[in-house]
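Architecture at a glance
Spelled out from the first residue to the last, the chains are:
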Amino acid sequence: MADLNKVCLLGRLGADPEIRSTQSGEKVATFRMATSEQWKAKDTGEKKERTEWHTIVAWGPLAKLAEAYLRKGNRVHIEGPQRTRKWQDQNGNDRWSTEVVLSGFGARLDIIDWPEGVGGGASRGQDDAYGGDQLPPGGSNYDDEIPF
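Below you will find a few notes about this structure.

Calculation notes
- Residues numbered from 1 in each chain as written.
- Predicted model: local features only at pLDDT ≥ 70, side-chain atom pairs only at ≥ 80, totals over all residues.
- Heavy atoms only, no water.
- Helix = DSSP H or I, 4+ residues; strand = E, 2+ residues; numbered from the N terminus.
- Buried < 20%, exposed > 50% of the residue type's maximum accessible area, 1.4 Å probe, protein only.
- Contact = heavy atoms within 4.5 Å.
- Areas by Shrake-Rupley, 256 points an atom, 1.4 Å probe, with all protein chains shown as cover.
- Core = buried A, V, L, I, M, F, W, Y, C linked by side-chain atoms within 4.5 Å.
- Polar contact = N/O pair within 3.5 Å; in protein donor to acceptor, adjacent residues only side chain to side chain.

A few words on the overall build of the protein chain. Regarding its fold elements, the protein chain presents 1 helix and 9 strands. Ordering the α and β elements of the protein chain from the N terminus gives β-β-β-β-α-β-β-β-β-β. Among the 148 residues that make up the protein chain, the fraction classed as buried is 32%. Put simply, 51% of the contacts in the protein chain that link residues at least 6 apart link residues at least 24 apart. Of the roughly 10300 Å² of accessible surface on the protein chain, 46% is carried by carbon and sulfur atoms.

Here we come to the nonpolar core. One finds Ile 56, Leu 70, Ile 78, Leu 102 and Leu 109 to be the most contacted residues of the largest nonpolar core, which totals 21 residues. Listed by contribution, the elements that provide at least two residues to this core are strand E1 (7-13), strand E3 (27-40), strand E4 (47-59), helix H1 (60-69), strand E5 (75-80), strand E7 (94-102) and strand E8 (108-111). Top element by residues in this core is H1. It accounts for 4 residues. Other than its neighbours up to four places away in sequence, Leu 70 contacts Leu 13, Pro 17, Phe 31, Leu 65, Val 76, Leu 109 and Ile 111.

Here the focus is the environment of Thr 22. Looking at where Thr 22 falls in the secondary structure, it is placed in the loop between strand E2 (18-21) and E3. What makes Thr 22 partly exposed here is its relative accessible area of 26%. For the pair Thr 22 and Trp 59, spaced 37 residues apart in sequence, the C-alpha separation works out to 10.0 Å. If sequence neighbours within four positions are ignored, Thr 22 has contacts with Val 28 and Trp 59. A distance of 3.0 Å separates a polar atom in the side chain of Thr 22 from a polar atom in the side chain of Ser 24.

Listed below in structure tokens is the structure:
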């Protein structure tokens, strides 16, 4: 049996994405998103909430989508593998970062809250232009009548 490394999150952006480009010119977008859960404490009936923060790194076409449309507070759905990488800080200490990486086959970035005046309902995965039969941002400009 094969293993599966896939994270599926639905949450809100904590800030606008940070956009960089590699030396070869490929776009990379990094953003943080929050997921929250709420419940009532059994003993007091008091409402409780816990928020988790996740670092997301989008590459290529998904980074371009993030750059163009994602803003602080947007609600998004993402799917991709979780990766942990090791790096050294300025003092030479080992550090680790855990991220959800959106690149390659099967990665998804669905924008639930499109910015004002920018189409909507579209999702974008690495392997499909705009998520099935949905329209790209801005919809269609065709006024043609279908003659059948």
